[in-house]
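A structural walkthrough
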Amino acid sequence: MSFSQTLLPEFDEEMKNTRKLLQCVPDGKLDYRPHSKSMTLGRLASHVAELPGWTNFTLGQEVLELQPDFKPEIAGTRAELLETFDKCVSEARQQITAASDADWQKIWTFKYAGKTVFSMPRSAVMRGMIMNHLIHHRAQLGVFLRLNDVPFPGMYGPSADDPAF
């Protein structure tokens, strides 16, 4: 079984869970920030929505270089979050499906301001810097929602908001 074939069921399940959480993001709270060092709820949710799209950078090029003046897109509404997420997931799934094991074994490099941050096989980038990174920020998003008394569904079982809990 190829790497893509083993990855797709997990990818699909994590994307389903992520979409459920993004659907709970309230439009009126996007500027919420629990601490001065934290991202806003809108920025965090936008980051979660865009992370599947990093698959396109990973499989579509061998080096990604960001500059200090890079400005991320920040959705202004839940509808924009979901539109971004759905587009990124669709494109990522197509890229994963088409990738060969040889594609996944190629070294991919991330640079910031001309300096290499890391270089590793694309398969490791997909698992660590896309999937795990997404799950990490999705958990943060759950905390932001809880701090705003926004009910949300469980990811791997019931949440405290599920009636059966």
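Presented here is an overview of the structure given in this document. (Residues numbered from 1 in each chain as written. Predicted model: local features only at pLDDT ≥ 70, side-chain atom pairs only at ≥ 80, totals over all residues. Heavy atoms only, no water.)

1. With respect to the overall build of the protein chain
Looking only at helices and strands, the protein chain has six helices and three strands in total. Element order for the protein chain, N to C, with α for helix and β for strand: α-α-α-β-α-α-β-β-α. Computed over its C-alpha atoms, the radius of gyration of the protein chain comes to 17 Å, within 12% of the 15 Å expected for a compact globule of 165 residues. With respect to the three principal axes, the spread of C-alpha positions in the protein chain is 45 × 40 × 20 Å. Of all 165 residues assigned to the protein chain, the portion counted as buried reaches 41%. Considering only contacts in the protein chain between residues 6 or more positions apart, those separated by 24 or more positions represent 74%. When the accessible area of the protein chain is evaluated, it comes to approximately 8900 Å², of which 56% is carbon and sulfur surface. (Helix = DSSP H or I, 4+ residues; strand = E, 2+ residues; numbered from the N terminus. Rg over C-alpha atoms; globule rule 2.2 N^0.38 Å. Buried < 20%, exposed > 50% of the residue type's maximum accessible area, 1.4 Å probe, protein only. Contact = heavy atoms within 4.5 Å. Areas by Shrake-Rupley, 256 points an atom, 1.4 Å probe, with all protein chains shown as cover.)

2. Observations concerning the sheet that holds strand E2 (residues 107-112)
Overall, mixed pairing links the three strands, which are arranged E1-E2-E3 in an open sheet. The strands lining the two open edges of the sheet, one partner per strand, are strand E1 (63-66) and strand E3 (115-121). Direction aside, neighbouring strands of the sheet carry axes that sit 15° apart on average. The strands touched by helix H6 (residues 122-147) within the sheet are E2 and E3, with E3 carrying the most contacts at an inclination of about 105°. (Pairing = 2+ DSSP bridges. Axes fitted to C-alpha atoms, helices over the stretch in contact; angles between N-to-C directions.)

3. Overview of unusual backbone geometry
When glycine is set aside, most residues are seen to have a negative phi, and most peptide bonds are trans. Despite not being glycine, Ala113 shows a phi value in the positive range, around 55°. Tracing the backbone through its elements, the reader meets Ala113 in the loop between E2 and E3. Phi at Asp149 takes a positive value of approximately 55°, unusual for a residue other than glycine.

4. Let's talk about the environment of Ala99
Within the element layout of this structure, Ala99 appears in the loop between helix H4 (78-98) and helix H5 (101-105). Residues Ala99 and Leu82, spaced 17 residues apart in sequence, show a C-alpha to C-alpha distance of 25 Å. In this structure Ala99 touches Ser4, Leu59 and Trp104, once residues within four positions along its chain are discounted.

5. Let's talk about the side chain of Thr18
Along the chain, Thr18 turns up in helix H1 (residues 3-22). In this structure the side chain of Thr18 is engaged in a polar contact, spanning 2.7 Å, whose partner is the backbone oxygen of Glu14. In contact with Thr18, other than residues within four places in its own chain, are Val48, Phe85, Leu134 and Arg138. (Polar contact = N/O pair within 3.5 Å; in protein donor to acceptor, adjacent residues only side chain to side chain.)

6. Overview of the nonpolar core
If you look at the biggest cluster of nonpolar residues, it comprises 35 residues, and the most contacted ones within it are Phe11, Leu22, Val25, Met126, Leu141 and Leu145. Elements represented by at least two residues in this core include exactly H1, helix H2 (41-50), H4 and H6. Looking at this core element by element, the count peaks at seven residues for H6. The next biggest cluster of nonpolar side chains, apart from the first, holds five residues, and it includes Leu64, Trp108, Phe118 and Val125. (Core = buried A, V, L, I, M, F, W, Y, C linked by side-chain atoms within 4.5 Å.)

7. Quick notes on H6
Here H6 spans 36 Å end to end across 26 residues, near enough to the 38 Å set by a 1.5 Å rise per residue. Largest kink in H6: about 30°, centred on His133. One or two residues past the end of H6 sits Asp149, with phi positive at roughly 55°. (Expected span 1.5 Å × (residues − 1). Bend = angle between axes of the 7 residues up to and from the residue.)

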